[in-house]
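Letter by letter, the chains look like this.
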Amino acid sequence: MTKLKMQTPDLTAKNIEKIAEFFPNCITETVDENGQPKRAVNFPMLKQMLSGEVLDGDEAYEFTWVGKKASIVEANRPIRKTLRPCIEESRNWDSTENLYIEGDNLEVLKLLQESYLGKVKMIYIDPPYNTGNDFIYRDDFKQSAAEYDEESGVFDEEENRLFKNTDSNGRFHSDWCSMIYPRLMLARNLLSDDGVIFISIDDNEVAQMRKICDDVFGESNFVGLMTILSNPRGSQNSKNLSYVHEYLFMYAKQITELEIKGINKSEENISEFSEVDGNGKKYRLLGLRKRGGAWRKEDRPMMFYPIFVNPETGEVSLKKSDSYYIEVIPKRPTGELSRWSWGKDKFLAETSLLIGKPINRKNEPNAYDIFRKDYLESESGEIKTAKVKTIWVEKETNYQNAKNEIKALFGNSEMFDFPKPTYIVSKLAEMLFDDDDIILDFFSGSATTAHAVMQLNAEDGGNRKFIMVQLPEPCDEKSEAYKAGYKNICEIGKERIRRAGNKIKTETGADIDYGFRVFKVDESNMNDIYYSVAELNQTTLASTLDNIKADRSALDLLFGCLLDWGLPLSMPYKSEQLGDCTVHTYNEGDLVACFDMNIPEEVLVEIAKRQPLRAVFRDSCFADSPAKINVFEIFKLYAPDCTVKVL
Ligand SMILES: C[S@@+](CC[C@H](N)C(=O)[O-])C[C@H]1O[C@@H](n2cnc3c(N)ncnc32)[C@H](O)[C@@H]1O
C-alpha cells in the first residue's frame, strides 16, 4: 500500500520532469549519495538548446545578485512541516471557504503547492519595501539564534529569524532580493493561467522588483506599472524630494489568457454622458479625429478622407450632395493634416453613430468637426466598464484613508503601521472577470485584502474567497497594538476580519461569507522514524513505535493528508461515528479518513461501500501485513476506483 509522504513535494525533481518533457536530450543520469541512480539536467546542453548560436562563454543578459542561486535552491527545497487547524480562532469554521494562515510565507507557499496549484486568480502583495528599517525574514537555517542576535536581529515567538535590514548592511539589496525571489517563484505556480499578481512597492526596490518579476513571470507577461498617489501632502522622509506616490506592478501568469473586465465608472465618469438620443439613451461625444500617436495623415493615408455634413440634421455621408455639403477633413487646431480613427468600412457600417457639429476655430468661420456617440450602456443595457488608469489619483488611495479604516474598526488609527486602503484591492479585484475567484495575499499585515474582498462581495453579490498569510511577527511592546492586547500581527489581522465582517453585515445586511478557517504552520505530524540504531535511546525508541506525533489530533492528520494529496483546505466535511471509530468524510467523498487503531472489518466495508475517491488510514492501525492486504482486498471489491493510502 502506498504511504503518504507528509512533506511538501520535491520541486527540484518535478522541475527536472518538466524539462525532460520538453528537452529529453538534456536529461542525464547520475548517482545520489547512496549510489542510487537519479536523473539530472545536462546544463551546458540545455543552454545550447535555448540558443541559436554556439555558446562558448559564460556571459548572459540576466539580473543577478549574491545569493540568487541559493534562493532558487531554497524555493525548491522540500520541508517537513504541516498546517494545523485552529478551530477556536476561526469564524464559521464549518461553512467558510476563506483561509487565514499563520507562518512564514515561504513555508506556507510550499505547503500550498499541491492543493492550490493553478487555482488562484489574483495575488496582491505589499511586501516590506526595504526602507532601511524593515524587518526581513532570513531564510538561512544554518546560523544559530545567538549569531543572529549579534546581528541586531530579533526573533518572533517561535525563535524564527527576523532581522532589521539597514542600509549599512553590505548586502542590503541582495538580502531583500533573496527574500522576495523564492516567494515569487512559488507564488507563480499557484496562479491560474488567466491569473494576475499585483505588487505594491516604492522607489527603494522598484528597479529590483521589475527585474525579478521579468525573470520569474517573463518579460512578456508584464501588464503594467501603475503609480498611486498615496500621500498627497508629501512625505518628508527623503532628503531632496517630497514623495507623494508609490507603485503597483501587474504581471499576468500568461498574458494571452488574461481577460480584463475593467472597473465600474465613477459618478464623475457617468456625468460625462450628458447627451440623450431619441430613445432616451445617454451618450457622450468623442472626437473622430485620431489623437495621440500616429495621428498624421501620412501615418495612415487611407484614413484621411473628407466627410460631408448635413447642417440641418448633423448627419454625415461620404458623398457630397445637396443636403450633405459641408466638407470636413481631419486636421488639428494648428491646421496640420491628421486622420480619422475609423476607416471608410467602419464609417459605412456605423454611420448612425457619427454626427457633425459646428466648432469654434480661430480664423475659420463656419468650421465643423466630426464626433462619434459613445453610449453609457452596452446593447444589453449594462453600464459599460472603464479601463483602470496607470495613474491613480483618487482621494481613496490616500494612505490616510487606510488609517481611518483601521480607526473605524479599532477606535485607534495606530493599531497597524502601514495599512493599505481597501479601495486599492477592491478596484484590482473588480477589474477581473469572475466574482468567485480565490484571492491570495501572502504579506497580509492587518488583512486589508480580506476586508476588501468581503466589502466587494457585499456590494456586488460576488463569492470571492480569500487566503491571508502572515508571520506571527511580535508587536513592539511600546506599540498601541501591544497595549491594546495584541501580541502579534496575526492577532490584529484576525480581529480586523471579525470586526470588518460585523461592520459590513450591519451596514449592508449582505448574506456573504464572513468566516475564515485559521491554520498555523508547525512541524510535520509525523515522527522522524529514520533513526540509525546508534541514535536510538529509550525516548526515541518509544516514539518510533508510532510514526505519528503523540500531540496530533485527528483533524491535524486530516488536514495534513489534504495538503499531501493536493485537496483544497476550504471544503466542507463531516465526522461521524461508525461503531467505535470516527470517520471523516471530506467534501462528500473526495477523501475519507479514519485514524483509529484496530478498525473492524465491518467499518472498512462500510467506508469502501460509500465509494470515496480516496481513503486514508494510520499505518499502525493494522495489526499485521495480512490485515493490510485485507483492506486492499475490501476496497478492490467495493470501491475499485478508490486510491487507498496509509500514514
Ligand atoms: C507592509 S505590510 C503589509 C500591509 C498590508 N497590506 C495591510 O494593508 O495591512 C507587510 C507585512 O508582511 C509581513 N511579513 C514580512 N515577512 C513575512 C514573511 N516571511 N511571511 C509572512 N509575512 C511576512 C510583515 O509582518 C507585515 O505585516
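Residues numbered from 1 in each chain as written. Predicted model: local features only at pLDDT ≥ 70, side-chain atom pairs only at ≥ 80, totals over all residues. Heavy atoms only, no water.

**Considering the overall build of the chain**
Tallying secondary structure elements over the chain gives 18 helices and 28 strands in all. Based on the C-alpha atoms only, the size of the chain along its principal axes is roughly 105 × 65 × 60 Å. The buried share of the chain, reckoned over its 647 residues, is 47%. Considering only residue pairs separated by 6 or more positions, the chain has 69% of its internal contacts joining residues 24 or more positions apart. Accessible surface for the chain amounts to roughly 33500 Å². Of this, 49% is attributable to carbon and sulfur atoms. In the chain, which carries 83 positive and 107 negative side-chain charges, the distance between the mean positions of the two groups comes to 6 Å. (Helix = DSSP H or I, 4+ residues; strand = E, 2+ residues; numbered from the N terminus. Buried < 20%, exposed > 50% of the residue type's maximum accessible area, 1.4 Å probe, protein only. Contact = heavy atoms within 4.5 Å. Areas by Shrake-Rupley, 256 points an atom, 1.4 Å probe, with all protein chains shown as cover. Lys, Arg positive; Asp, Glu negative; His and termini not counted. Charge placed at Lys NZ, Arg CZ, Asp CG, Glu CD.)

**Regarding the sheet that holds strand β17 (residues 326-328)**
The sheet built from 3 strands is open, its strands ordered β16-β15-β17 with antiparallel pairing. Each end of this open sheet is capped by a strand with a single partner; those strands are β16 (316-317) and β17. (Pairing = 2+ DSSP bridges.)

**As for helix α6 (residues 172-190)**
The terminal C-alpha atoms of α6, which comprises 19 residues, lie 29 Å apart, in line with the 27 Å expected from a rise of 1.5 Å per residue. With 15 of 19 residues buried, α6 lies mostly within the body of the structure. (Expected span 1.5 Å × (residues − 1).)

**Description of the site of the ligand**
Asp-126, Ser-446, Thr-448, Gln-470 and Glu-473 are the nearest of the 20 residues found near the ligand. At 3.5 Å from a nitrogen atom of the ligand is found a side-chain nitrogen or oxygen belonging to Arg-183. In the environment of the ligand, an oxygen atom lies 2.8 Å from a nitrogen or oxygen atom belonging to the backbone of Lys-420. When the residues that make up the shell around the ligand are grouped by side-chain class, the tally is 8 nonpolar, 7 polar and 5 charged. (Near = heavy atom within 4 Å. Polar contact = N/O pair within 3.5 Å; in protein donor to acceptor, adjacent residues only side chain to side chain. Nonpolar A, V, L, I, M, F, W, Y, C, P; charged D, E, K, R; others polar.)

**Points about the state of the cysteines**
Summed over all chains, the structure comprises 0 disulfides. Of all cysteine sulfurs, the one in Cys-177 lies closest to Cys-213, which takes part in no disulfide; the gap is 11 Å. Cys-594 carries a free sulfur, and the closest cysteine sulfur to it, the one in Cys-581, is 4.5 Å from it. Taking relative accessible area as the criterion, Cys-594 reaches 0% and is therefore assigned buried. (Disulfide = S-S within 2.5 Å.)

**Quick notes on the environment of Cys-177**
Considering the arrangement of structural elements, one finds Cys-177 in helix α6. For Cys-177, a relative accessible area of 2% puts it in the buried group. For the pair Cys-177 and Asn-189, spaced 12 residues apart in sequence, the C-alpha separation works out to 19 Å. Excluding anything up to four places from it in sequence, Cys-177 contacts Phe-63, Trp-65, Pro-182, Gln-208 and Ile-212.

**Topic: unusual backbone geometry**
Despite not being glycine, Ala-447 has its phi angle at roughly 70°, a positive value. Ala-447 sits in the buried class, given a relative accessible area of 0%. A positive phi angle is found at Glu-588, which is not glycine, with a value near 55°. Judged by relative accessible area, which is 80%, Glu-588 ranks as exposed.

**Points about the pattern of salt bridges**
The full count for this structure, using the stated rule, is 39 salt bridges. With a shortest N-O distance of 3.2 Å, Arg-610 and Glu-606 are connected by a salt bridge. Its relative accessible area of 36% is what places Arg-610 among the partly exposed residues. Take Glu-606: its relative accessible area is 32%, and that puts it in the partly exposed class. Residues joined by salt bridges that share partners form a network here, namely Arg-84, Asp-522, Asp-551, Arg-552 and Asp-556. (Salt bridge = Lys/Arg side-chain N within 4 Å of Asp/Glu carboxyl O.)

**Observations concerning the packing of helix α3 (residues 68-76) against α6**
Interhelical geometry of α3 versus α6 gives an angle of 40° and a closest axis separation of 9 Å. As the angle between them shows, α3 and α6 are arranged oblique. You can see that α3 and α6 cross each other, and the crossing is right-handed. Touching Lys-68, Ser-71, Ile-72, Ala-75 and Asn-76 of α3 are Ser-178, Tyr-181, Pro-182, Met-185 and Leu-186, all from α6. (Axes fitted to C-alpha atoms, helices over the stretch in contact; angles between N-to-C directions. Parallel < 35°, antiparallel > 145°, perpendicular 65-115°, else oblique. Left-handed = near helix turned anticlockwise from the far one by under 90°.)

**A short note on the nonpolar core**
Leu-184, Phe-442, Phe-559, Leu-569 and Leu-647 are the most contacted members of the largest nonpolar core, which has 70 residues in total. Among the elements that make up this core, the one with the highest residue count is α6 (9 residues). Look past the residues within four positions of Leu-184 in its chain and what remains in contact with it is Ile-125, Ile-197, Ile-199, Met-209, Ile-212, Cys-213, Val-216, Phe-217 and Phe-442. Of all hydrophobic cores here, the second largest spans 49 residues; its members include Tyr-124, Ile-228, Ile-492 and Phe-516. (Core = buried A, V, L, I, M, F, W, Y, C linked by side-chain atoms within 4.5 Å.)

**Considering the sheet that holds strand β13 (residues 275-276)**
With antiparallel pairing, 4 strands are arranged side by side in an open sheet as β13-β14-β19-β18. The open sheet has two edge strands, β13 and β18 (354-358), and neither has a second partner. Strand direction decides the pairing type here: strand β14 (residues 282-287) and strand β19 (residues 368-375), joined by 5 bridges, are antiparallel. Across the sheet, residue Arg-284 finds its bridge partner in β19, namely Asp-374.

**Quick notes on helix α17 (residues 601-609)**
Every buried residue of α17 is accounted for by Val-603, Leu-604, Val-605, Ile-607 and Ala-608. Elements in contact with the buried residues of α17: β24 (573-578), β25 (581-586), β26 (591-594), β27 (614-617) and α18 (625-638).

**Observations regarding the side chain of Lys-121**
Checked against the element boundaries, Lys-121 lands in strand β6 (residues 120-125). The class of Lys-121 is buried, set by a relative accessible area of 6%. Residues contacting Lys-121, with those up to four places away along its chain left out, are Leu-191, Ser-192, Asp-194, Gly-195, Val-196, Leu-432, Phe-433, Asp-434, Asp-437 and Ile-438.

**Regarding the pairing of strand β11 (residues 222-229)**
In terms of strand pairing, β11 meets strand β12 (residues 245-252) through 7 bridges, oriented antiparallel. Looking at β12, one finds that Ile-228 is bridged to Glu-246. Here β11 pairs with strand β20 (residues 391-392) via 2 bridges, running parallel. Residue pairing across strands places Ile-228 opposite Trp-392, the latter belonging to β20.

**Remarks on the domain arrangement of the chain**
Quoted interface sizes are often the accessible area lost when the parts come together. For the chain, the assigned domains are domain 1 (2-61), domain 2 (81-264 + 387-522), domain 3 (270-375) and domain 4 (534-646). Just the C-alpha atoms count here: the centres of domain 3 and domain 4 sit 73 Å apart. (Domains from an automatic or database assignment.)

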